[in-house]
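# Structural description and commentary
Each chain is listed here by its residues.
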Amino acid sequence: MWRRVASLSPLVSRSKSRLLDQVQVANGFNVWQVFSTQVLNPTEGGVSDRRRTPLVTFVLGGPGSGKGTQCTRIVETFGFTHLSAGDLLRKEISSNSENGSMILNTIREGKIVPSEVTVKLIQKAIEASENDRFLIDGFPRSEENRIAYERVIGAEPDIVLFFDCPVEEMVKRVLNRNQGRVDDNIDTVKERLKVFTELNLPVIKYYSEKGKLYKIDATGSEDEIFERVRPVFAVLR
Ligand SMILES: Nc1ncnc2c1ncn2[C@@H]1O[C@H](COP(=O)(O)OP(=O)(O)O)[C@@H](O)[C@H]1O
Ligand SMILES: O=c1ccn([C@@H]2O[C@H](COP(=O)(O)OP(=O)(O)O)[C@@H](O)[C@H]2O)c(=O)[nH]1
Ligand SMILES: [Mg+2]
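Every value quoted in this text rests on a predicted model; they were computed, and no experiment measured them.

## Examining the site of ligand 1
Near ligand 1 lie 14 residues; those nearest to it are Gly64, Lys67, Thr69, Arg177 and Gly220. A distance of 2.9 Å is found between an oxygen atom of ligand 1 and a backbone nitrogen or oxygen belonging to Gly64. Note that an oxygen atom of ligand 1 is positioned 3.3 Å from one of the backbone N or O atoms of Ser65. Across the complex, the protein chains shield 76% of the 560 Å² of accessible surface that ligand 1 would expose by itself. Those elements that provide at least two residues to the shell around ligand 1 are helix H2 (67-78) and helix H9 (222-234). Considered class by class, the residues forming the shell around ligand 1 number two nonpolar, eight polar and four charged.

## Comments concerning the confidence of the model for the protein chain
Per-residue confidence for the protein chain gives a mean pLDDT of 84, with 78% of residues at or over 70. Every residue in residues 32-51 scores below 50 in pLDDT, and together they form 26 contacts with partners more than four places removed in sequence or on other chains.

## Notes on the environment of Asp183
Within the secondary structure, Asp183 sits in the loop between helix H7 (167-175) and helix H8 (186-209). Taking the C-alpha atoms as reference points, Asp183 and Gly110, separated by 73 residues in sequence, lie 6.7 Å from one another. Once residues lying within four places of it in the same chain are set aside, the contact partners of Asp183 are Ile107, Thr188, Val189 and Arg192. Within polar-contact distance, the side chain of Asp183 engages the side chain of Arg181 at 3.0 Å.

## What about the UniProt feature "binding site: ATP" (unreviewed entry) in the protein chain?
Per the UniProt record, the feature "binding site: ATP" (unreviewed entry) sits at Gly64, Ser65, Gly66, Lys67, Gly68, Thr69, Arg177 and Gly220. Tracing the chain through its elements places Gly66 in the loop between strand E1 (55-61) and H2. Positionally, Gly220 belongs in the loop between strand E5 (213-217) and H9. Look at Gly220 and you get partly exposed, because its relative accessible area is 48%. The contact partners of Gly220, leaving out residues within four places of it in the chain, are Arg173 and Ile225.

## Some remarks on the site of ligand 2
Around ligand 2 there are 19 residues in total, and Lys67, Arg90, Lys111, Val113 and Arg192 lie nearest to it. With respect to ligand 2, the backbone of Lys111 contributes an N or O atom lying 2.6 Å from an oxygen atom. Across the complex, the protein chains shield 96% of the 530 Å² of accessible surface that ligand 2 would expose by itself. Only helix H3 (85-94) and helix H4 (100-109) provide two or more residues apiece to the shell around ligand 2. For the shell around ligand 2, the element with the most residues is H3, which contributes four residues. Grouping the amino acids of the shell around ligand 2 by side-chain chemistry returns seven nonpolar, four polar and eight charged.

## A short note on helix H5 (residues 115-127)
Relative to the 18 Å expected for 13 residues at 1.5 Å per residue, H5 spans 18 Å between its end C-alpha atoms, a close match to the ideal helical length. The set of residues buried in H5 consists of Ser115, Val117, Thr118, Val119, Leu121, Ile122, Gln123, Ala125 and Ile126.

## As for the UniProt feature "binding site: a ribonucleoside 5'-phosphate" (unreviewed entry) in the protein chain
UniProt feature "binding site: a ribonucleoside 5'-phosphate" (unreviewed entry): in the numbering of this structure it lies at Arg90, Lys111, Ile112, Val113, Gly138, Phe139, Pro140, Arg141, Arg181 and Arg192. Summarising the element assignment, Phe139 is placed in the loop between strand E3 (133-137) and helix H6 (143-153). In this structure Phe139 comes out as buried when scored by relative accessible area, which is 1%. Turning to its location among the elements, Arg141 is positioned in the loop between E3 and H6. Discounting chain neighbours no more than four positions away, the residues touching Arg141 are Ile112, Arg192, Leu199, Asn200 and Val203. Polar side-chain contacts of Arg141 include one of 2.6 Å to the backbone oxygen of Gly138.

Scoring rules and cut-offs
Residues numbered from 1 in each chain as written. Chains lettered and ligands numbered in written order. Predicted model: local features only at pLDDT ≥ 70, side-chain atom pairs only at ≥ 80, totals over all residues. Heavy atoms only, no water. Near = heavy atom within 4 Å. Polar contact = N/O pair within 3.5 Å; in protein donor to acceptor, adjacent residues only side chain to side chain. Areas by Shrake-Rupley, 256 points an atom, 1.4 Å probe, with all protein chains shown as cover. Helix = DSSP H or I, 4+ residues; strand = E, 2+ residues; numbered from the N terminus. Nonpolar A, V, L, I, M, F, W, Y, C, P; charged D, E, K, R; others polar. pLDDT = per-residue confidence, 0-100. Contact = heavy atoms within 4.5 Å. UniProt positions renumbered as here; feature names shortened; annotations may be inferred. Buried < 20%, exposed > 50% of the residue type's maximum accessible area, 1.4 Å probe, protein only. Expected span 1.5 Å × (residues − 1).

Put into structure tokens, the structure is as follows:
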């Protein structure tokens, strides 16, 4: 039950009701408060138009499905800020943080870093940005990740992209990636694919059932794939 990119009307109507969604899901600290230029005006009983509600897209798909590549294109064309959860974790390793060796071992094994670590890094990156449009790439990778994000950030994503790619193609791309990553080897890839099926797919199913999922055929050239992505964001301009 996937949403096809041809069907864009829910996206338009949802963006109008996004403010209401934010209020309804608010639970604990709401990171969006930092973007608010004006709070509720009790005499008028409404929220000022000047409030900016950031737009969040989760970008999901298996290892090598092309998430990072397409995020770069979306940034160039639609002005989003790209937050790759994997890149944030790799930066933690190279900055010798207290969690560095735990993160490195987890990535090497193809497993998932504890939610509180990843969510904190994402929260910090959002707060440090002036932008109000974010692509969160490669996260959430499990239902536990998703629930932790919603609890800490106090909001759901507006859009979820899923890059759907055959396993043989993903393996080929990862093994040819050539970025010196500790997890781009056949043994870790096998584990990552297992984690993808067992833990990532339930998140994708969850957003499909909520009507937020845009499934993109991730085969073909980078240009061809971007033309499938473009309509999702073109309506937001
Ligand atoms: N459409 C494509 N066809 C062939 N190779 C691709 C395509 N898109 C991306 N790649 C290459 O595949 C590898 C994995 O892409 P990447 O964007 O890093 O995927 P992910 O972030 O999903 O792991 C990279 O080396 C990238 O250059
Ligand atoms: O939210 C996340 C994102 C990444 N990772 C870890 O970082 C690795 C690399 O993630 P990245 O998104 O960079 O890989 P990609 O899917 O893009 O190849 C994953 O296999 C996990 O071990 C994680 O634990 N939580
Ligand atoms: Mg990536």
